[in-house]
Amino acid sequence: MIAAFLNDIRDHDIIAPRRMAERLRVPVSQLARLARVNRNTMTARPESPAVQAKLGEIARIIAGAAQLTGDEGKAIIWFRHQPIPGFGKTAEELVEQGHGVLVIEDLERMTDGAYS
C-alpha cells in the first residue's frame, strides 16, 4: 500500500509532479505552491534537486501517515484536512509554510508511540 503510493508517483528515478498532484487530488499549480517551488520549474525541470527534495518531503509525510493509518486515502485526508494538535494547522498548511520537518518529526513521535 505505502509502496504502491511511492511507486505510483514515480516516473523512473524521479517523483513526477503531475502524478503526485493526481494522487493528492490537487492541481499541479497548488502542488507547486505547497512545495514552495515555482510552477514552471516544477513542470519544466521536475528532476531538479530542489523540486525532488520538496516533493520527497511531501511523499515521506504521506507515506508515514499511511503507515500509521494503514490507508493511503486516510493519510491524504489527514494531510489535507486534520489539524495537528499542538500546531493548530494541518500538515499541508505546515508544509506550505516551510515546516515539513516538524510534521515529519511529529509522525516519527507517533510511530514511536507518543501522540501529539
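What you see is a predicted model; the values in this text were computed from it and never measured. (Residues numbered from 1 in each chain as written. Predicted model: local features only at pLDDT ≥ 70, side-chain atom pairs only at ≥ 80, totals over all residues. Heavy atoms only, no water.)

1. Some words on the overall build of the protein
What the protein contains, in helices and strands, is eight helices and four strands. Tracing the protein from N to C terminus, the helices and strands come up as α-β-β-α-α-α-α-α-β-β-α-α. The principal-axis extents of the C-alpha atoms in the protein amount to approximately 40 × 30 × 20 Å. Expressed as a percentage of the 116 residues in the protein, the buried residues total 41%. Looking at the protein alone, contacts between residues at least 24 apart form 48% of all its contacts between residues at least 6 apart. Of the roughly 6,400 Å² of accessible surface on the protein, 50% is carried by carbon and sulfur atoms. Where the 15 positive side-chain charges of the protein centre and where its 15 negative ones centre are 5 Å apart. (Helix = DSSP H or I, 4+ residues; strand = E, 2+ residues; numbered from the N terminus. Buried < 20%, exposed > 50% of the residue type's maximum accessible area, 1.4 Å probe, protein only. Contact = heavy atoms within 4.5 Å. Areas by Shrake-Rupley, 256 points an atom, 1.4 Å probe, with all protein chains shown as cover. Lys, Arg positive; Asp, Glu negative; His and termini not counted. Charge placed at Lys NZ, Arg CZ, Asp CG, Glu CD.)

2. Remarks on the side chain of Thr 90
Within the fold, Thr 90 resides in strand β4 (residues 89-90). Discounting chain neighbours no more than four positions away, the residues touching Thr 90 are Phe 79, Arg 80, His 81, Gln 82, Pro 83 and Ile 84.

3. Remarks on the environment of Phe 79
In this structure, Phe 79 sits in helix α6 (residues 72-81). Residue classification places Phe 79 among the buried residues on the basis of a relative accessible area of 0%. Separated by 55 residues in the primary sequence, Phe 79 and Leu 24 place their C-alpha atoms 9.3 Å from one another. Aside from chain neighbours lying at most four places away, what touches Phe 79 is Leu 34, Ile 58, Ile 61, Ile 62, Thr 90, Ala 91, Glu 92 and Val 95.

4. Let's talk about the pattern of salt bridges
By the definition in use, this model includes seven salt bridges. Asp 8 serves as the salt-bridge partner of Arg 23, at 2.2 Å between the closest nitrogen and oxygen. Note that Arg 23 is positioned in helix α2 (residues 17-24) and Asp 8 in helix α1 (residues 2-8), a separation of 15 residues in sequence. Look at Arg 23 and you get partly exposed, because its relative accessible area is 23%. With relative accessibility at 36%, the residue Asp 8 sits in the partly exposed group. Three or more residues are tied together by salt bridges with common partners; here these are Asp 8, Arg 23 and Glu 72. (Salt bridge = Lys/Arg side-chain N within 4 Å of Asp/Glu carboxyl O.)

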